[in-house]
Amino acid sequence: MEKNGNNRKLRVCVATCNRADYSKLAPIMFGIKMEPEFFELDVVVLGSHLIDDYGNTYRMIEQDDFDINTRLHTIVRGEDEAAMVESVGLALVKLPDVLNRLKPDIMIVHGDRFDALALATSAALMNIRILHIEGGEVSGTIDDSIRHAITKLAHYHVCCTRSAEQHLISMCEDHDRILLAGCPSYDKLLSAKNKDYMSVIRMWLGSKEMVRVMRKKGIEHHPNFRAVKHVPFDQFIQLVAHAGCMIGNSSCGVREVGAFGTPVINLGTRQIGRETGENVLHVRDADTQDKILQALHLQFGKQYPCSKIYGDGNAVPRILKFLKSIDLQEPLQKKFCFPPVKENISQDIDHILETLSALAVDLGGTNLRVAIVSMKGEIVKKYTQFNPKTYEERINLILQMCVEAAAEAVKLNCRILGVGISTGGRVNPREGIVLHSTKLIQEWNSVDLRTPLSDTLHLPVWVDNDGNCAALAERKFGQGKGLENFVTLITGTGIGGGIIHQHELIHGSSFCAAELGHLVVSLDGPDCSCGSHGCIEAYASGMALQREAKKLHDEDLLLVEGMSVPKDEAVGAVHLIQAAKLGNAKAQSILRTAGTALGLGVVNVLHTINPSLVILSGVLASHYVHTVKDVIRQQALSSVQDVDVVVSDLADPALLGAASMVLDYTTRRIC
């Protein structure tokens, strides 16, 4: 038996208050029932399960062939807050006798209902271990306060998302007693859509208040509407899986429905804090008919990709294994993991083994790189390949490299929180889509990077432009740390940029902000890969320097004494720089022109944005910085000539910036 110090079966009490929490608890109950050699199951039913207005839903528990040990009538009739408080009080009066009789080893409580708070309070005061399902989530209403109160009473936690796990950790809960399992209902949801559903839809074409409004307006007599007290869960999920749209403010809309990609319109603010898939459209101020109708026109009939934010279909096996690992000999008293009051560098091995990390991907014009990056910005391991020329080869290589890096992270005891991608081109970071790219990266238009990586790795994915990522890297790890306003220019195969204004990254209305490489500095300059001419990138990028180096080499004007280029080696920017260092006047002139073009672009930036610092990063930055400063002294207004221009001290700004998207978002409740 998979037990730690337990020489008998674990007696588990599952308490269910309503049909919603039963849909999450039932898969666990079935799992417990299937392993009688490990568990004894007691079922307590209370709350709205026993109310006729809500369909007497305790019957579906009986139909599932569970023995109900105890029925507790705990609902005080009424529509106001006082009735809710009285219901909690009534439950607190009745529960002690039940718990004294059942004597469970552990009670499983779900969610954030007031009934669940009464259950957790009773069990905690009677020294009964509590396992709380779906703690750590945020919805944006009084439910949050109740949910977090139950968290503080519970001894063990089963959460559904990585963000919820981080919230629990930030609430000082013991990490060893937190299980990231996913939502138990997803074990059924992810396999439900292909079942026969037409008979269900023919059978069924709310809350009491909703029914009351429908009756008042006569809507219930319309042939396209039907008000019901209760729809069995198996039939309900078939309805939402094949619906054109779901409208309401239930957590089901933002959680379970994502498993099918059904469009959802979430009304009001009740669920506004929850993590949602792209299928959810929020109408926060649903005060007019027009807003809801407009949302319906946008959403109805769409089909979104399946969202696995809340689970991957394997929650119950994880939960059962977690239950078996509970050692009843351990002290019952909870331990809270408070952060240190003052800075304390821990040398504890457990702290070292729990390294929070990110997978970072840098997709440039030449190379494709993947790295494991720690919270401190240390590159634990890096992988580099040439960037393929076709979309299919490129996306397959990204997936392959990320899978290999994720497997290696396990061996290195690095806990991957998510994936950040830095890529050339114009990016919609909200959707994780590369909108279009220049000729530097071929077949890279309208590319959804988030979905294939998220589906393959089961991790959250962030995507942004490489210039923006360089700015994010400086903000978190580099010389922009703590600055309110600064600009980064990244020099490589192309030229990119990023703007930090009031501590935030600027994307622009069409995600085209900070395309600094395509500032035009000459009306009759060389052609640029963007289709224009005279851009900074056409002068100062690695690709532009390679073009000029080839011209010199073809004219036998590149090589000087002490230089040679092997026949099998392509002439590039590195040879131009080497020639300039060895005194080649033409090479020096080309670098000076490139630096001047970059400097003129920086002057335009200073006059437009007026940042407090300009950071040059990338392999060419050190070769340009002095020329850029000279151009500023000669061309800029006196009011901005004091702005400092520095060379980044970060070795891999694009990778570090990609990692920072993950680390900043997933740990925002900790740091």
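Our structure is the block above this text.
Our subject in this report is the structure included herewith. Predicted, not measured: the structure shown is a model, and the values here were computed from it.

1. Things to note about the overall build of the protein chain
Stage number 1. Assigned secondary structure in the protein chain consists of 23 helices and 23 strands.
Stage number 2. Every one of the 671 residues in the protein chain was classed for burial, and the buried ones make up 50%.
Stage number 3. Accessible surface, the protein chain: about 31700 Å² in total, of which carbon and sulfur atoms supply 52%.
Stage number 4. With 69 positive and 78 negative side-chain charges, the protein chain shows a spacing of 4 Å between the two charge centroids.

2. What about the sheet that holds strand S18 (residues 461-465)?
Stage number 1. The mixed open sheet is built from five strands, whose spatial order is S13-S12-S11-S14-S18. Of all strands in the sheet, those bounded by a partner on one side alone are strand S13 (379-386) and S18. On average, adjacent strands in this sheet sit at an angle of 20 degrees to one another, irrespective of strand direction.
Stage number 2. As paired elements, strand S12 (residues 367-374) and S13 share seven bridges and run antiparallel to each other. Residue Arg369 lies in a different strand from S13, and its bridge partner there is Thr384.

3. Some remarks on the state of the cysteines
Stage number 1. For the structure on display, the rule yields zero disulfides.
Stage number 2. Among the cysteines around Cys414, which has no disulfide bond, Cys402 carries the closest sulfur, lying 15 Å off.
Stage number 3. Cys414 sits in the buried class, given a relative accessible area of 9%.
Stage number 4. The thiol of Cys512 is not disulfide-bonded; the next cysteine sulfur, from Cys530, is found 10 Å away.
Stage number 5. On the accessibility criterion, Cys512 (40% relative accessible area) is partly exposed.

4. Topic: the packing of helix H21 (residues 585-609) against helix H22 (residues 621-635)
The geometry of a pair of packed helices is captured by two quantities: the angle between their axes and the separation between those axes.
Stage number 1. Viewed as axis vectors pointing N to C, H21 and H22 meet at an angle of 50 degrees, and their least axial separation amounts to 8 Å. Viewed along their axes, H21 and H22 adopt a mutual orientation that is oblique. Crossing hand, H21 versus H22: right-handed. Taken together, the residues of H22 that come into contact with H21 (itself represented by Leu591, Arg592, Ala594, Gly595, Thr596, Leu598, Gly599, Leu600, Val602, Val603, Leu606 and His607) are Tyr624, Thr627, Val628, Val631, Ile632 and Gln635.

5. Section: the nonpolar core
Stage number 1. Counting 42 residues, the largest nonpolar core has Leu545, Leu576, Leu616 and Tyr624 as its most contacted members.
Stage number 2. Broken down by secondary-structure element, the contributors of at least two residues to this core are strand S19 (486-491), strand S20 (495-501), helix H18 (536-540), helix H19 (542-554), helix H20 (573-581), H21, strand S22 (613-618) and H22.
Stage number 3. Those residues within four positions of Leu545 in sequence are excluded, and the remaining contacts are Tyr539, Ala573, Leu576, Ile590, Leu591, Ala594, Leu620 and Tyr624.
Stage number 4. Residues Met29, Tyr58, Ile133 and Phe322 belong to the second largest nonpolar core, which totals 35 residues.

6. Focus on the pattern of salt bridges
Stage number 1. Counted according to the given criterion, the structure contains 30 salt bridges.
Stage number 2. One salt bridge connects Lys24 with Glu134, and the closest N-O pair in it is separated by 3.1 Å. Of this pair, Lys24 sits in helix H1 (residues 19-33) while Glu134 is found in the loop between strand S5 (129-133) and helix H5 (142-153), placing the two residues 110 residues apart along the sequence.
Stage number 3. You can call Glu134 buried: its relative accessible area is 5%.
Stage number 4. Salt-bridge contacts for Glu256 lead to Lys24; the nearest nitrogen and oxygen are separated by 3.1 Å. Assigned by exposure class, Glu256 and Lys24 land together as buried.
Stage number 5. Here the salt bridges share partners, and the residues they tie into one network are Lys24, Asp112, Glu134, Glu137, Asp144, Arg147, Arg255, Glu256 and Arg274.

7. Describing a negative patch on the surface
Stage number 1. Taken together, the side chains of Glu278, Glu431, Asp448 and Asp455 define an acidic patch exposed on the protein surface.
Stage number 2. For Asp448, the position within the fold is in strand S17 (residues 447-448).

The rules we used
Residues numbered from 1 in each chain as written. Predicted model: local features only at pLDDT ≥ 70, side-chain atom pairs only at ≥ 80, totals over all residues. Heavy atoms only, no water. Helix = DSSP H or I, 4+ residues; strand = E, 2+ residues; numbered from the N terminus. Buried < 20%, exposed > 50% of the residue type's maximum accessible area, 1.4 Å probe, protein only. Areas by Shrake-Rupley, 256 points an atom, 1.4 Å probe, with all protein chains shown as cover. Lys, Arg positive; Asp, Glu negative; His and termini not counted. Charge placed at Lys NZ, Arg CZ, Asp CG, Glu CD. Pairing = 2+ DSSP bridges. Axes fitted to C-alpha atoms, helices over the stretch in contact; angles between N-to-C directions. Disulfide = S-S within 2.5 Å. Parallel < 35°, antiparallel > 145°, perpendicular 65-115°, else oblique. Left-handed = near helix turned anticlockwise from the far one by under 90°. Contact = heavy atoms within 4.5 Å. Core = buried A, V, L, I, M, F, W, Y, C linked by side-chain atoms within 4.5 Å. Salt bridge = Lys/Arg side-chain N within 4 Å of Asp/Glu carboxyl O. Patch = residues over 30% accessible without salt bridge, like charges linked within 9 Å, V, L, I, M, F, W, Y side chains within 5 Å.

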